[in-house]
Structure formats: structure tokens, C-alpha cells
Amino acid sequence: MIYNIGNLRLDSDFEFRVIRESDEDIDIFVDINYRSVDIDASDSRMFSSRIQFPFVRAIILRIDKEGYDMTVHMLRDIDLLSAFANFEIDFSHSTISIKNEYEKVVIDRIFDGL
């Protein structure tokens with residue numbers, strides 16, 4: 001199912017909830033229950049295919065309300081201060097997919113062609 005949160009189109013198999021909202025941004029907590037996370041990087045100029053983060057408890061998506069930028073934080077535990085990695089995604093003209101594939105999580109940016 002596709003969810004619209006601010007400017008973000010999110011397609012996810014996982015339950016999520018908004019944990020903070022301000023005038024500038026929205027924080028979304030996605031509980032993935034200690035799965036490995038694969039980031040599809042096949043269209044990257046730096047990486048060949050993917051980036052993997054093992055044993056991730058949860059993901060925080062911080063969405064810019066005015067634009068199309070999102071910071072993704074990987075959490076080792078449920079504590080918001082347990083982030084061990086983060087990166088930015090431009091989600092303009094796309095849907096962000098967070099899917100469970102055989103007990104690992106695959107995050108991908110699907111171009112909508114708009």
C-alpha cells in the first residue's frame with residue numbers, strides 16, 4: 001500500500017508511525033525488528049549494486065516538509081540516540097519502497113516518471 005506523508009510517497013510492508021512533526025520536517029519510525037537492510041545502489045556513480053546494514057532494529061525517516069529531501073537513520077536499538085549510520089535521499093518524482101524480502105529489508109527508490 002502507498003502512503004502519502006508530506007511530499008513523500010512511501011510503499012512499505014512494515015508498520016510505521018509519526019513520532020515528531022514540526023513546521024519544517026516529519027520524523028517517521030519504522031520498526032523492522034533486527035533485520036538486515038539492503039539499499040539498492042545500482043544506479044549510483046560510486047557503488048556497484050547495494051549497501052548492507054546488518055542487524056538494524058528500526059529506521060527513522062526525517063522528511064523535509066517543503067522539499068524532496070529525506071535523511072534515513074539506521075538504529076541499533078529502539079532508543080533514538082542509537083543511530084549508527086545515516087544518509088540522505090532525494091525522493092523527488094519517486095516512491096520510496098521499504099519491503100520485507102525473505103527476512104531482510106530492501107530499500108529502493110522507484111522512479112515515478114513524472
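All values reported here derive from a predicted model rather than from experimental measurement. Chains are numbered independently. Their residues run from 1 in the order of the written sequence. Given that this is a predicted model, residues contribute local features only at a pLDDT of at least 70 and side-chain atom pairs are listed and counted only at 80 or more, while totals for whole chains, interfaces and linings are drawn from all residues. Computation of side-chain values: all heavy atoms of the structure, hydrogens and water removed.

(A) Highlighting the overall build of the chain. Secondary structure elements follow DSSP: runs of H or I of four or more residues count as helices, runs of E of two or more count as strands, with numbering from the N terminus. Each helix and strand in the chain was counted, giving zero helices and nine strands. Principal axes of the C-alpha set define a box for the chain whose edges measure 30 × 30 × 25 Å. Only heavy atoms enter the contact rule, under which two residues are in contact if any of them lie within 4.5 Å. Contacts spanning at least 24 positions in sequence make up 40% of the contacts within the chain whose residues lie at least 6 apart. The method behind every accessible area is Shrake-Rupley, applied with a 1.4 Å probe, and residues are considered shielded solely by the protein chains displayed. For the chain, the computed accessible surface area is about 6,900 Å², with 48% contributed by carbon and sulfur atoms. Distance between charge centroids for the chain: 4 Å, based on 13 positive and 23 negative side chains. When charges are tallied, Lys and Arg are placed among the positive residues and Asp and Glu among the negative ones, while His and the ends of the chain are skipped. Charged side chains are reduced to one point each, which is NZ for Lys, CZ for Arg, CG for Asp and CD for Glu.

(B) A look at the side chain of Thr 71. Counting through the fold element by element, Thr 71 comes out in strand β6 (residues 69-75). Those residues within four positions of Thr 71 in sequence are excluded, and the remaining contacts are Ile 60, Leu 61, Arg 62, Asn 86, Phe 87 and Glu 88.

(C) Just the pairing of strand β3 (residues 16-21), in detail. A pair of strands is treated as paired once DSSP finds two or more bridges between them. Sheet topology note: the β3/strand β4 (residues 25-40) ladder contains five bridges and is antiparallel. Looking across to β4, one finds that Arg 17 is bridged to Phe 29. Remark: three residues form the turn of the hairpin made by β3 and β4, two consecutive strands paired antiparallel.

(D) Representation of the nonpolar core. Take the buried Ala, Val, Leu, Ile, Met, Phe, Trp, Tyr and Cys residues and link them wherever side-chain atoms come within 4.5 Å; each set so joined is a nonpolar core. Relative accessibility thresholds used throughout: buried, under 20% of the residue-type maximum; exposed, over 50%; partly exposed, between the two (1.4 Å probe, protein chains only). Counting residues in each nonpolar core, the largest one holds 25 residues, and the members touching the most others are Val 37, Ile 59, Leu 61, Met 70, Met 74, Ile 96 and Ile 107. Among the secondary structure elements, those contributing two or more residues to this core are β2 (8-12), β4, β5 (50-64), β6, β7 (83-90), β8 (94-101) and β9 (104-111). Top element by residues in this core is β4. It accounts for six residues. Setting aside residues up to four positions removed in sequence, Val 37 forms contacts with Ile 32, Ile 51, Gln 52, Phe 53, Val 56, Ile 59, Met 74, Val 105 and Ile 107.

(E) Representation of the environment of Asp 90 within the structure. For Asp 90, the location among the structural elements is in strand β7. Asp 90 sits in the partly exposed class, given a relative accessible area of 39%. Distance in space between the C-alpha atoms of Asp 90 and Ala 58 is 21 Å, their sequence separation being 32 residues. A 3.5 Å cut-off defines polar contacts: any pair of N or O atoms within that distance qualifies, except that in protein one atom must be a possible hydrogen donor and the other a possible acceptor, and neighbouring residues in sequence count only when both atoms are side-chain atoms. Looking at Asp 90, its side chain comes within polar contact range of the side chain of Ser 92, at 2.8 Å.

(F) Representation of unusual backbone geometry. Residues other than glycine seldom take positive phi values, yet Tyr 102 does so here, at roughly 55 degrees. With phi around 65 degrees, Glu 103 is a residue other than glycine that occupies positive phi space. If you trace the backbone, Glu 103 turns up in the loop between β8 and β9. Its relative accessible area of 52% is what places Glu 103 among the exposed residues.

(G) Quick look at the environment of Arg 35. Note that Arg 35 resides in strand β4. Each C-alpha atom of the pair Arg 35 and Val 72 lies 16 Å from the other, and the pair is 37 residues apart in sequence. For Arg 35, the contacting residues outside a window of four places in its chain are Phe 14, Phe 53, Pro 54, Phe 55, Val 56, Asn 100, Glu 103, Lys 104 and Val 105. Within the structure, Arg 35 has its side chain in polar contact with the side chain of Glu 103 (distance 2.9 Å).

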